[in-house]
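What the coordinates show
Chain by chain, the residues:
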Amino acid sequence: MIGIIIAAGLGSRMKQFTINNPKCLLKIGKKSLLEWSFENLTKAGCKEVYVITGYKQEKIKELGYSTIFNKDFKKNNILHSFFCAKHLFDNEIMVSYADIYVEPQIYTELSKIKKDIVLTIDKEWEEYYQDRSGVPTSQAEKVELYNDLIIDVGKNVKMKKDKKYYEFIGLFKLSKKGSERIKNLFEEIDNKYSKDENFIFNTSWYKAYITDYFHYIIKNKNCKIHPHIISKCWAEFDTYKDYLRLDNITKTQKLVSIN
């Protein structure tokens, strides 16, 4: 299995914390987000781990990580950053966003699920947003399930009061077959859509999110997407206010390994 950490973004909402460094080098306890992700991917069975870089990529490269540079990181988005690594998509792959901290056992649990596409989702996600400033629940990458399958995912999932929803945390796994299928589909779509053409939810193809791509897969019945359901044990650091409340979320999100 190969690990991929997507760390190309500008981190513009982190303000003073990302002037000189990419967001993934933020310290969470004794280690950076990047160190935690790298270590946990390795412990979960990844023989190689690659970091997809963009903003301040030299800061990551000089630390000795194997990197893949997204040369167009200022113009595209996380989906196209991810597919900068498509030459690796003949392997089983575990993928992590770079701005999340996830407890080690979550990676290990995910590694044991033998499905082609598996997304890690949190069933207690809404509590995390109660004291969160600058990131409303409307920005959560929500997930809807039916019969143990994911039937919708993304920021635009419309929630109904009588249904249970989850949040995609930014961690997923692809089997060798799953990796090859999403690579082939990506190339089909890339040949079909121009960079600025509308893709999903008024988002252009070049600015699409990974969850836009998963939404497309589900709605076009290209392949099934399975859930890995967790309860807390993770945190996202999207804004500087997220980072400032680290002490609080360490307790509420059960981040026991960072102490």
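Residues numbered from 1 in each chain as written. Predicted model: local features only at pLDDT ≥ 70, side-chain atom pairs only at ≥ 80, totals over all residues. Heavy atoms only, no water.

**Describing the packing of helix H5 (residues 176–192) against helix H6 (residues 210–219)**
Basically, it comes down to this: Lines fitted to the C-alpha atoms define the axes, with helices restricted to the stretch that makes contact. Angles between their N-to-C directions range from 0 to 180 degrees. Runs of H or I in DSSP of at least four residues are treated as helices and runs of E of at least two as strands, each being numbered from the N terminus. Here the word oblique covers every angle except those under 35 degrees (roughly parallel), over 145 (roughly antiparallel) and from 65 to 115 (roughly perpendicular). In what follows, a contact means two residues having at least one pair of non-hydrogen atoms within 4.5 Å. Classification convention: Asp, Glu, Lys, Arg as charged; Ala, Val, Leu, Ile, Met, Phe, Trp, Tyr, Cys, Pro as nonpolar; all other residues, Gly among them, as polar.
With their axes 12 Å apart at the nearest point, H5 and H6 run at an angle of 100° to one another. By the angle between their directions, the pair H5 and H6 is classed as roughly perpendicular. Here Ile-182, Leu-185, Phe-186, Ile-189 and Lys-192 of H5 come into contact with H6, specifically with Tyr-213, Tyr-216 and Ile-217. Here the residues of the contact of H5 with H6 are counted per class, giving 7 nonpolar, no polar and 1 charged.

**As for the layout of surface pockets**
Put simply, the test is: Buriedness for pockets is judged along seven lines, at least five of which must meet protein on both sides within 12 Å for an open set on the 1 Å grid over protein atoms alone, while cavities are sets there where a 1.4 Å probe fits but cannot get out, and lining residues have an atom within 4 Å of a point. Grid points are joined across faces, edges and corners, and a volume is the space filled by probe spheres set on the points.
The volume enclosed by the largest pocket comes to roughly 900 Å³. The wall of the largest pocket is formed by 36 residues, among which Lys-23, Asn-77, Ile-78, Asp-99 and Asp-238 lie closest to the centre. Every element with two or more residues in the lining of the largest pocket is listed here: strand S1 (2–7), helix H3 (78–82), strand S11 (166–174) and strand S15 (234–236). Of all the elements, S11 adds the most residues to the lining of the largest pocket, at 4 residues. In the lining of the largest pocket, the residues fall into 18 nonpolar, 9 polar and 9 charged.

**Concerning unusual backbone geometry**
It is generally the case that most residues other than glycine have a negative phi and that most peptide bonds are trans. Here the phi dihedral of Lys-221 falls at roughly 55°; this positive angle occurs in a residue that is not glycine. Considering the arrangement of structural elements, one finds Lys-221 in the loop between H6 and strand S14 (226–230). Of note in the backbone geometry, Lys-254 takes a positive phi value of approximately 60° without being a glycine. Mapped onto the fold, Lys-254 is located in the segment after helix H8 (246–252).

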